[in-house]
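In case you want the letters, here they are:
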Amino acid sequence: ILAPETGAEGAEVLASKLRDRILEYEHRYGDIKITVSCSFGVAELTREMAVPQDLYQAADDALMLSKRSGRNRVAVHTA
């Protein structure tokens, strides 16, 4: 998700709202309850990022940080 007008703080809020909405999803298959978990990594495009791959890497680093923190987390990449 690209959110160019929000900055890192707004993107973190957006990711948290999306996570909360996804966590509301519940489906039943017979007696089995199916739930969804998710983690988000947030990265802000900075002047130091020379190519799109730099932004992707920063977002991926943040995602890995959120996953290491536990389930259903949001983490922000910091330079």
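All of these numbers come straight from a predicted model, not from anything done at the bench.

1. Points about the overall build of the chain
Part 1: Counting its secondary structure elements, the chain contains 2 helices and 4 strands.
Part 2: When the helices and strands of the chain are placed in sequence order, the string is α-β-β-β-α-β.
Part 3: Projected onto the principal axes, the alpha-carbon positions of the chain cover approximately 50 × 25 × 20 Å.
Part 4: Across the 79 residues that make up the chain, the buried fraction comes to 19%.
Part 5: Carbon and sulfur atoms make up 53% of the accessible area of the chain, which totals about 6100 Å².
Part 6: In the chain, which carries 10 positive and 12 negative side-chain charges, the distance between the mean positions of the two groups comes to 8 Å.

2. Notes on the environment of Arg28
Part 1: Locating Arg28 in the fold gives a position in strand β1 (residues 26-29).
Part 2: Sequence separation between Arg28 and His77 is 49 residues, and the spatial gap between their C-alpha atoms is 36 Å.

3. Quick look at the pattern of salt bridges
Part 1: Per the stated rule, a full pass over the model turns up 3 salt bridges.
Part 2: Between Asp20 and Arg19 there is a salt bridge, with the nearest N and O atoms lying 3.0 Å from each other.
Part 3: The exposure class assigned to Asp20 is partly exposed, which follows from its relative accessible area of 38%.
Part 4: Taking relative accessible area as the criterion, Arg19 reaches 16% and is therefore assigned buried.
Part 5: Where Glu26 meets Lys33, a salt bridge forms, and the shortest distance between an N and an O atom there is 3.8 Å.

4. Comments concerning the pairing of strand β2 (residues 32-35)
Part 1: Summarising the sheet, β1 and β2 pair through 4 bridges and their orientation is antiparallel. Within the sheet, the bridge partner assigned to His27 lies in β2 and is Ile34.
Part 2: Where β1 folds back onto β2 in an antiparallel hairpin, the turn is made up of 2 residues, including Gly30, whose phi is positive at roughly 65°.

5. Some points on the nonpolar core
Part 1: Counting residues in hydrophobic clusters, the biggest one holds 6 residues: Ala11, Ala15, Cys38, Phe40, Val42 and Val74.
Part 2: Mapped onto this core, the elements with two or more residues apiece are α1 (7-23) and β3 (40-42).
Part 3: If we ignore the near neighbours within four places in the chain, the residues touching Val42 are Ala8, Ala11, Glu12, Ala15, Ala62, Val74, Ala75, Val76 and His77.

6. Concerning a nonpolar patch on the surface
Part 1: Taken together, the side chains of Ile22, Tyr25, Tyr29, Ile32, Ile34 and Val36 make up a nonpolar region of the molecular surface, amounting to roughly 560 Å² of accessible area.
Part 2: Turning to its location among the elements, Tyr25 is positioned in the loop between α1 and β1.
Part 3: Exposure remark for Tyr25: the relative accessible area of 42% places this residue in the partly exposed category.

What counts as what
As a convention, each chain's residues are numbered from 1 in the sequence order in which they are written. Owing to the predicted nature of the model, reporting of local features is limited to residues with pLDDT of at least 70; listing and counting of side-chain atom pairs is limited to 80 or more, with chain, interface and lining totals taken over all residues. Each side-chain value is worked out from all heavy atoms of the structure, with water and hydrogens disregarded. To qualify as a helix, a DSSP run of H or I must reach at least 4 residues; to qualify as a strand, a run of E must reach at least 2; elements of each kind are numbered from the N terminus. Exposed residues in this analysis have more than 50% of their type's maximum accessible area, buried residues have under 20%, and partly exposed residues fall in between, with area computed by a 1.4 Å probe over protein chains only. Methods summary: accessible areas were calculated by the Shrake-Rupley approach with a probe of 1.4 Å, and residue burial reflects only the protein chains presented. Neither His nor the chain termini are counted; the positive set is Lys and Arg, and the negative set is Asp and Glu. Charge placement uses NZ in Lys and CZ in Arg. For Asp and Glu, CG and CD serve respectively. Put simply, a salt bridge is a Lys or Arg side-chain nitrogen that is within 4 Å of an Asp or Glu carboxyl oxygen. Pairs of strands are assigned from DSSP output, requiring at least two bridges between the strands. What is meant by a nonpolar core is a set of buried Ala, Val, Leu, Ile, Met, Phe, Trp, Tyr and Cys residues, joined one to another through side-chain atoms within 4.5 Å. In this analysis, two residues are considered to be in contact whenever any of their non-hydrogen atoms come within 4.5 Å of each other. A patch consists of residues whose relative accessible area exceeds 30% and which take part in no salt bridge; residues with like charges are grouped when within 9 Å of each other, and nonpolar side chains (Val, Leu, Ile, Met, Phe, Trp, Tyr) when within 5 Å.

Purely spatial values, then, with no claim about function.
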